[in-house]
Amino acid sequence: MNFDHLRYYARGWVFHFLGKQDFAYEAFAKAFQLKPDDIDAARHLAAIAAHRERWEIAEDWFLKIIALAPKDAASHFNLGFVRERAHRAQPAIEAFTQAVTLDERLDRAWFGLGLSRARLGQHAEAAAAFEKSIALQPMNGEGYYQLGMAYHCANQPDEVSRVVKRLVSFEPKRAKKLVEDAGRTDLNTLIPELPF
């Protein structure tokens, strides 16, 4: 048993609990240095970097995690997430695609795939990804909004109408925003009077 590794890992937890993220990062980094197959320390390091929006550092840690656990769909999603946040759409698409290949039920990876495809102007492909996402999370208002915008940008007005009709049934305020953002004044009749 590597007691030095355990000591640094425990310090990382304590510092994390106390909200001292710089110290937590240093302790987890030392723990990982002492035991380079410590996937939990790597996950903490990636999470701290992502939380601080240090996307390149977070990406490096997620790549290390994936090297240790290549079939972990959630880690591929996290890699896609940090790449998307860094406005690196094509590499994000690769990571999200790997995530849904490993676990097709990972709705957030389908959603991320849709966002990345939309960023690249691939609106029909974005809509297909958002369709998968909302099939898994049928009450995801943001998913429906993004789906409607993807259909709007793909010049599929009938699909936008279908999305608005569904969205208005559980999030009328977001449906109204979709109608406004898509410039579909013809769909205003679908939006109920809102008190706010």
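Rules used in this analysis
Numbers given to residues run from 1 along each chain, matching the order in which its sequence is written. Predicted model: local features are reported for residues with pLDDT of at least 70 only, side-chain atom pairs are reported and counted for 80 or more only, and whole-chain, interface and lining totals are derived from all residues. Heavy atoms from the whole structure form the basis of all side-chain values; hydrogens and water molecules are not counted. Throughout, an axis means a line fitted to C-alpha atoms (over the contacting stretch in the case of helices), and angles, computed between N-to-C directions, take values from 0 to 180 degrees. Elements are defined by DSSP. Helices are runs of H or I of four residues or more, strands are runs of E of two residues or more, and each kind is numbered from the N terminus. Oblique is the label for any angle not covered by the other classes, which are roughly parallel (under 35 degrees), roughly antiparallel (over 145) and roughly perpendicular (65 to 115). Crossing handedness follows the turn of the near helix against the far one: under a right angle anticlockwise gives a left-handed crossing, and clockwise gives a right-handed one. Working rule for contacts: check all heavy atoms of both residues, and any pair within 4.5 Å makes them a contact. Gly counts as polar in this scheme, as do all residues outside two lists: the nonpolar Ala, Val, Leu, Ile, Met, Phe, Trp, Tyr, Cys and Pro, and the charged Asp, Glu, Lys and Arg. A helix is expected to reach a length of 1.5 Å times the quantity of its residues less one. The buried label applies to any residue whose accessible area, calculated with a 1.4 Å probe on protein chains only, is under 20% of its type's maximum; exposed applies above 50%, and partly exposed to all values in between. Regarding the arc, it is the one traced by the directions from the helix axis to the C-beta atoms. We call two N or O atoms a polar contact when they sit within 3.5 Å, provided that within protein one can donate a hydrogen and the other can accept it, with sequence-adjacent residues counted only if both atoms are side-chain atoms. Working definition: rings of Phe, Tyr and Trp (its six-membered ring) pair if their centres are within 6.5 Å, and the pair is stacked with planes under 30 degrees apart, edge-to-face with planes over 60 apart, and tilted otherwise. By the criterion adopted, a ring carries a charge over it if an Arg CZ or a Lys NZ lies within 6 Å of its centre and within 35 degrees of its normal.

Asker: Run through the packing of helix H9 (residues 141-153) against helix H11 (residues 172-181), naming residues and quoting values.
Answerer: Two quantities define a packed helix pair, namely the angle between the helix axes and the distance between the axes. Interhelical geometry of H9 versus H11 gives an angle of 15° and a closest axis separation of 10 Å. Between H9 and H11, the crossing angle belongs to the class labelled roughly parallel. As H9 packs across H11, the resulting crossing turns out to be right-handed. Contact residues: H9 offers Gly 141, Glu 142, Tyr 144, Tyr 145, Gly 148 and Met 149, while H11 offers Arg 174, Lys 177, Leu 178 and Asp 181. Taken together, the residues of the contact of H9 with H11 sort by class into 4 nonpolar, 2 polar and 4 charged.

Asker: Describe in detail helix H2 (residues 21-34), supporting the description with residues and values.
Answerer: Compared with the 20 Å implied by 1.5 Å per residue over 14 residues, the 20 Å span of H2 between its first and last C-alpha is a close match. All of the buried residues in H2 are Gln 21, Ala 24, Ala 27, Phe 28, Ala 31 and Phe 32. All buried residues of H2 lie within an arc of 135° about the axis, which places them on one face of the element. Away from the buried face of H2 by more than 90 degrees, exposed residues Glu 26 and Gln 33 are located. Residues of H2 that are buried sit in contact with helix H1 (3-17), helix H3 (39-51) and helix H4 (55-68).

Asker: Let's hear about the side chain of His 5: which residues, and what values?
Answerer: Structurally, His 5 is set in helix H1. When neighbours within four sequence positions are excluded, His 5 is seen to be in contact with Ala 31, Leu 34, Lys 35 and Asp 38.

Asker: A description of the packing of helix H5 (residues 73-85) against helix H7 (residues 107-119) should follow, citing residues and the corresponding values.
Answerer: Look at H5 against H7: their axes get within 10 Å of each other, and the N-to-C directions meet at 30°. Classified by the angle their axes make, H5 and H7 are roughly parallel. Here H5 runs over H7; the crossing is left-handed. For the pair H5 and H7, contact is made by Ala 74, Phe 77 and Glu 84 and by Arg 108, Ala 109, Leu 115, Ser 116 and Arg 119, respectively. Per-class residue counts for the contact of H5 with H7 are 4 nonpolar, 1 polar and 3 charged.

Asker: Describe the side chain of Ser 133, listing the residues and the values that go with them.
Answerer: With respect to the helices, strands and loops of the structure, Ser 133 is situated in helix H8 (residues 123-136). Among the residues examined, Ser 133 registers a relative accessible area of 1% and is labelled buried. At a separation of 3.4 Å, a polar atom in the side chain of Ser 133 contacts the main-chain carbonyl oxygen of Asp 107. If near-sequence neighbours (up to four positions away) are discounted, Ser 133 is found in contact with Asp 107, Trp 110, Phe 111 and Asn 140.

Asker: If you had to explain the packing of aromatic side chains to someone new, which residues and values would you point to?
Answerer: All told, the structure shown has 8 aromatic pairs when counted by the stated rule. Ring geometry for Phe 15 versus Phe 23: centroids 5.3 Å apart, planes at 35°, classification tilted. When its relative accessible area of 25% is taken as the criterion, Phe 15 is described as partly exposed. Through successive ring pairs, a cluster of aromatic residues spans Trp 55, Phe 77, Phe 81 and Phe 96. In this arrangement the basic side chain of Lys 30 is found over the ring face of Tyr 8, its NZ or CZ atom lying 6.0 Å from the centre. Sitting over the ring of Phe 77, Arg 108 keeps its end group 4.9 Å from the ring centre.

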